[in-house]
Amino acid sequence: MGPLRVWVKEDEVPGLAMSWSIGDKVAQSVGVIPDPEILEYELTPNDQFILIASDGIWEFMSNVDV
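Residues numbered from 1 in each chain as written. Predicted model: local features only at pLDDT ≥ 70, side-chain atom pairs only at ≥ 80, totals over all residues. Heavy atoms only, no water.

Novice: Can you break down the overall build of the protein chain residue by residue, with the values?
Specialist: Of the regular secondary structure elements, the protein chain holds two helices and zero strands. Looking at the 66 residues of the protein chain, the share that counts as buried comes to 8%. Considering only contacts within the protein chain whose residues lie at least 6 apart along the sequence, 10% involve residues at least 24 apart. Counting only carbon and sulfur atoms, one obtains 57% of the accessible surface of the protein chain, whose full area is about 6400 Å². (Helix = DSSP H or I, 4+ residues; strand = E, 2+ residues; numbered from the N terminus. Buried < 20%, exposed > 50% of the residue type's maximum accessible area, 1.4 Å probe, protein only. Contact = heavy atoms within 4.5 Å. Areas by Shrake-Rupley, 256 points an atom, 1.4 Å probe, with all protein chains shown as cover.)

Structure, rendered in structure tokens:
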């Protein structure tokens with residue numbers, strides 16, 4: 001099935017498979033927001049590593065695989 005996509009009605013362009021898109025005026029015109037989701041966590045001495053990844057990682061890999 002694949003990821004959910006945003007399509008521009010009556011236009012021959014590929015569907016956008018993102019939840020947000022900075023600077024993409026076409027995507028913004030159909031309701032995609034350019035504001036990233038930002039989460040903050042307080043690190044503790046028990047934390048062993050930090051993983052920074054885009055949503056594309058989670059589309060193809062599980063938490064265990066990552």
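Next, the rest of the story.
Novice: Any chance you could break down the environment of valine 6 for me, citing the residues and the numbers?
Specialist: Its place among the elements puts valine 6 in the segment before helix H1 (25–29). Among the residues examined, valine 6 registers a relative accessible area of 26% and is labelled partly exposed. Valine 6 sits 21 residues away from alanine 27 along the chain, and the two C-alpha atoms are 7.6 Å apart.

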